[in-house]
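Here is how the chains run, residue by residue.
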4 protein chains.
Amino acid sequence: MKVSIVGITGYSGLELLKILSNHPEVTVVSIHATQEIGRPLSDLYPHLKSQTDLVIEAFDAESIMNKSDLVFFATPSGIASKLSKSFVENDFPVIDLSGDHRLPSHIYTEWYGKEAAQQEIIDQFTYGLAEFTDLKGKKFISNPGCYATATELALLPLVQAQAIDLKSIIVDAKSGLTGAGKGLSDSSHFVNVHDNYVTYKLNKHQHIPEIEQELALFEPELSPIQFSTSLLPVNRGIVASCYVKLKEGLGQAQAQAIIEKAYADKFFVRVIDGLPDLHAVLGTNFTDIGCAYNERTGVLTVISVIDNLIKGAAGQAVQNLNLMMGWDESLGLPVQATYL
Amino acid sequence: MKVSIVGITGYSGLELLKILSNHPEVTVVSIHATQEIGRPLSDLYPHLKSQTDLVIEAFDAESIMNKSDLVFFATPSGIASKLSKSFVENDFPVIDLSGDHRLPSHIYTEWYGKEAAQQEIIDQFTYGLAEFTDLKGKKFISNPGCYATATELALLPLVQAQAIDLKSIIVDAKSGLTGAGKGLSDSSHFVNVHDNYVTYKLNKHQHIPEIEQELALFEPELSPIQFSTSLLPVNRGIVASCYVKLKEGLGQAQAQAIIEKAYADKFFVRVIDGLPDLHAVLGTNFTDIGCAYNERTGVLTVISVIDNLIKGAAGQAVQNLNLMMGWDESLGLPVQATYL
Amino acid sequence: MKVSIVGITGYSGLELLKILSNHPEVTVVSIHATQEIGRPLSDLYPHLKSQTDLVIEAFDAESIMNKSDLVFFATPSGIASKLSKSFVENDFPVIDLSGDHRLPSHIYTEWYGKEAAQQEIIDQFTYGLAEFTDLKGKKFISNPGCYATATELALLPLVQAQAIDLKSIIVDAKSGLTGAGKGLSDSSHFVNVHDNYVTYKLNKHQHIPEIEQELALFEPELSPIQFSTSLLPVNRGIVASCYVKLKEGLGQAQAQAIIEKAYADKFFVRVIDGLPDLHAVLGTNFTDIGCAYNERTGVLTVISVIDNLIKGAAGQAVQNLNLMMGWDESLGLPVQATYL
Amino acid sequence: MKVSIVGITGYSGLELLKILSNHPEVTVVSIHATQEIGRPLSDLYPHLKSQTDLVIEAFDAESIMNKSDLVFFATPSGIASKLSKSFVENDFPVIDLSGDHRLPSHIYTEWYGKEAAQQEIIDQFTYGLAEFTDLKGKKFISNPGCYATATELALLPLVQAQAIDLKSIIVDAKSGLTGAGKGLSDSSHFVNVHDNYVTYKLNKHQHIPEIEQELALFEPELSPIQFSTSLLPVNRGIVASCYVKLKEGLGQAQAQAIIEKAYADKFFVRVIDGLPDLHAVLGTNFTDIGCAYNERTGVLTVISVIDNLIKGAAGQAVQNLNLMMGWDESLGLPVQATYL
């Protein structure tokens, strides 16, 4: 299968290329960006020397449809919304890693502050939380956000099992700096991040409506959730610390059982005893989830950890491709933790 | 005033010596430890060369009472409980930075898993949360824990003003590695901490009963609080992210006003607009507090940040000494952030 | 091919297992350690859950020879020297990642301060600097040290080409903390390493005689080299900054050409324009080398960077296995940089 | 004494303000920048809240001369060269922390690539390496660069004592990110710096001619020195690892004695046994120096460590002010290491 990547120079685009170059069924035939057109990618990223001969091309929908079988958008928000239409109209498969096709257009505009794609285009997309959606045969997949993936995987089994008080959900989520992209700003300057911990976009993060929308699929009564995002002084990783009130009569054993059952046959989610260690998932497509019930307060803490660029972006996109195509879901995906 | 420090080789002991060496009214006349007796401290810590001539002495209560006017305990838990009695019985002033005189003996034993001091000795101690206690003329002060300080300062104004639902308190607190002490273990090995984020002692941290006890002073109806502690890959700093439901009718303006009013005349607590930045307090005795109300969920997020070794330990101990003596509370205390 | 790993719980042993699990021709049939005998490895390292079923076994030479075709020693120094004899006497293939078979016994004892293996056993081993040795058909390979690999690859082409003043070699080498092993000590405590840079074992590092020995193979006149080692506050990576006087008449172009020519057909050494970036090799078996000539001083700076656990240990060991077996040298080896 | 700071928003300007606010003889009466004119500094840097009421002013030489007794330039290179003239012509004291008055104009232009100040203005300035210059009564001081300070203090005693081969000097220097300033670039983006180590400006760093000039004062025969600069993934600190050949007949004892003698009465240079630890000087105006002689190679390694923003910039500027005024050289200067 031949694929094209639009937005190759961002962290997600590069990670996607890396993963796909290990994929036995896929060949990346073109990579696209808005800058450095005509330059070999390995000129810009010397670590890719001897890894790829691909040359950066300008975006051209027709050319992509001619030479490829599927296009990945690994673009910042507000780009794929402008480019997806011709693919959809030609029934040409799309996996969009950005947030542009995850939300109804009016909600998108409210939270992203940008013009949304047309609603009828958005309607064609299936939200690809790999463990919870049947993607076989789908043509247009909207890949979940990084914070959203970690949070939904932590909470969905409990919501689905009606085990928690829906008004009680509080999520304190943290991300490494790659989650904030390559843009230069005071908030990404080394000196300001190192030895620091900063909470940002509080109550305003654009993954909030996405999480609420997905939880609501399983429980329409869902209230708005409390969700905070902070920057950890590391490069990679998301930790979602979720606090929920368990319903009466439930405790540690029941909560653990609910989560374990939900993922019993899911290769990329590991439910662990105790609390997860971020190191254990870095460099992989795994999500590790652990929980601890507090008998004094009735609160269950569920912590999930992922690599934001893999399970939170490029890895899940490839997992979704695998599911869409009916292949083994782990094809090409990294399973060995960097660990150190 | 002459003082002695017991437990000089721990992080808190060293920080205490550093702060006191800038104090215009205090001279440290002896330093005590269980190891390296007889060695100049600056032999062990070359950064103290030309800073101090003090030689480490074995602990001896009588000798301390003869040459000093006050003793600081900067010892691990389980030590001061064994050593404080003779000082108390002789009415000799003590400031204990450890947790040994903060809790009733049965609660101490339950949470610390160690033998407690005698209840009648504990009863002599006043809990020294500097901004909330009148310490003038007190003789025996129990210095608050680092997590407890950050959390209590964030929440007490709201509890006191009856502004929050007491059953709703959830605190996600994080600390740098100095908070975990100098002990060698896998969990303090550089490779395991760096690029990681690990939640530990969940629902079991010994500061939980201390926080509950202090909040309950202002609101006896207080339920147990949900409180988690994690290690940030930094050396210093505590961030306490507190989530509470505001009572109906209250919002951002009221919450901000309540907190600002509580600290209007408190030099070492700065209530800021927006959310605090850990960098701004590192190296100082300040606590910075900010809050943000979420109209969609009714949850107020209150974040407080401190330097765990200063406001969370040695700095507050000196602040308490100042208050005890009727001096200006900022005497000798660092106010300039390391910042970078 | 079936192999056994002795010393599985160290950083190199775990990395070796990780790499070999991707190797199409190799199966790890047993793993050995001195502790935790009988426990599944994935119990100790949760990130290996669903990756391996191997159970830790006690070391037993006979059993290894019965079930395996080759044994890797990934043990601390002073262990393989005691265990290698029976394998050698039985002509059973060994790849030793430790320093125990790299040096003549008297030099080993002098620099390592430990009892050496018997000289006749050491004599059976070939030093496996993959790019400079013909290993095909060899049975006993002594894998180079991490600092040694980076330094030798930087300097050997220039020594071989007689391009430099042999008395002028000065190497300022730096390593991440995994290079120092898992042992607990003040020098590996997070607080002491973070935000610090410490030079250690100056003029005494045990890789010095190893480097001198290898350079001398190509130039017997070699003087002792000046070599320093420091700890970078990172987990992985070695940077060897080498300073050498170029011989008269040579400059940037000639030096660059000499190095490029030496590695023209070596897949795992990339000679780059400009100076290398540590990020570009982390997670891979690559060595990146760059050089810059200073016309004002006549000094050529050659900088080489490697991942200490891969090209500096487990990766080169597998590369050596591939060469020994006549397989493609890159079989199973990681080529994609973690990068971030 | 009243002083003004031009360039308040850079790292050095802020550090200067911090130090001066502890100085018993100095009051900062005005602060200047090119942006944010009219705003209180504490609005921009919340950590200064309750620390200073100063408001940022536009630069105006006349106004400064009217209200101040001395002006500090803490500006990037290329600014003070344009602004110093009127102060010099009015015999108004200046301490310039930038490189604009350290070098003859033609050398400045060659290495900085910028237009130099007029030579007759440059000639009025005295280079203020505090330990080696008599500054009493001087009016115009050019403050040394950060790398230059660390390197010169390591090497000058040996050069002065004619103890080393002048052609042999090789310096491998490293700096934390604050040394690179607040500018936003890929090379200061957190993701690129963290877990990395990058050598930059090799053989081209603008501190090279400054170091050569100062060493040549004590030894006119000095050859060009080999000098490299790299970025450590930390915020603060410089480590200068210097390699020099000792002259025949000299060894560890003599080298140590030469360095110790040079600094016997210098408070801010501590000659230590063994090698220095960067932690020991962070937050202070100290320079720690240690050396180790290698009998096998005849090379002496001298390592000096400083806090780049203090002894390498603002601290030494204040030390120079103290010397200029005939005050105790340590007045107002920080001596307590952050340490952790």
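Predicted model, so just to flag it, every value in this text is computed and none were measured.

What counts, and where the lines are drawn
- Residues numbered from 1 in each chain as written.
- Chains lettered and ligands numbered in written order.
- Predicted model: local features only at pLDDT ≥ 70, side-chain atom pairs only at ≥ 80, totals over all residues.
- Heavy atoms only, no water.
- Domains from an automatic or database assignment.
- Contact = heavy atoms within 4.5 Å.
- Buried area = accessible area lost by both parts, 1.4 Å probe.
- Salt bridge = Lys/Arg side-chain N within 4 Å of Asp/Glu carboxyl O.
- Polar contact = N/O pair within 3.5 Å; in protein donor to acceptor, adjacent residues only side chain to side chain.
- Phe/Tyr/Trp six-rings, centres within 6.5 Å; stacked < 30°, edge-to-face > 60°.
- Helix = DSSP H or I, 4+ residues; strand = E, 2+ residues; numbered from the N terminus.
- Buried < 20%, exposed > 50% of the residue type's maximum accessible area, 1.4 Å probe, protein only.
- Lys NZ or Arg CZ within 6 Å of the ring centre and 35° of its normal.

Examining the domain arrangement of chain A
Residues and elements named next belong to chain A.
Line of reasoning, step 1. Taken domain by domain, chain A holds domain 1 (2-124) and domain 2 (147-308).
Line of reasoning, step 2. Put simply, the middle of domain 1 and the middle of domain 2, counted by C-alpha atoms, are 27 Å apart.
Line of reasoning, step 3. Every contact between the two is made by 13 residues of domain 1 and, on the other side, 13 residues of domain 2.
Line of reasoning, step 4. Buried surface at the junction of domain 1 and domain 2, summed over both partners, amounts to about 1000 Å²; 59% is from carbon and sulfur atoms.
Line of reasoning, step 5. When the buried area of domain 1 at its contact with domain 2 is split by residue, Y11, R102 and W111 rank highest and sum to 62% of it.
Line of reasoning, step 6. Summed over the shared surface of domain 1 and domain 2, the number is two salt bridges.
Line of reasoning, step 7. R236 is paired through a salt bridge with E15; the nearest N and O atoms lie 2.6 Å apart.
Line of reasoning, step 8. Run the count over domain 1 and domain 2 and you get five residue pairs in polar contact (both at pLDDT 80 or more).

Considerations on the interface of chain D and chain C
Line of reasoning, step 1. Taken residue by residue, the interface counts 43 residues in chain D and 43 residues in chain C.
Line of reasoning, step 2. Taken together, both faces of the contact between chain D and chain C bury some 3600 Å²; the carbon and sulfur share is 57%.
Line of reasoning, step 3. Looking only at chain D, the three residues that lose the most surface to chain C are Y197(D), Y243(D) and R296(D), adding up to 17% of its buried area.
Line of reasoning, step 4. At the boundary of chain D with chain C, the tally comes to four salt bridges.
Line of reasoning, step 5. Put simply, R296(D) and E212(C) hold a salt bridge, and the shortest N to O gap is 2.4 Å.
Line of reasoning, step 6. In this assembly, chain D and chain C are joined by 28 residue pairs in polar contact (both at pLDDT 80 or more).

Quick look at the packing of aromatic side chains
Line of reasoning, step 1. Taken as a whole and judged by the stated rule, the model has 50 aromatic pairs over all chains.
Line of reasoning, step 2. Ring centres of F59(B) and F73(B) lie 6.3 Å apart, and the angle between their planes is 40 degrees; this geometry places the pair in the tilted category. In this pair, F59(B) is assigned in the loop between β3 (56-57) and α3 (61-67) and F73(B) in strand β4 (residues 70-73), connecting sequence segments 14 residues apart.
Line of reasoning, step 3. Judged by its relative accessible area of 0%, F73(B) falls in the buried class.
Line of reasoning, step 4. Put simply, the rings of F59(A), F73(A), F87(A) and F92(A) pair up and form one aromatic cluster.
Line of reasoning, step 5. Just above the ring of F286(C) sits the side chain of R270(C); from NZ or CZ to the centre is 3.9 Å.

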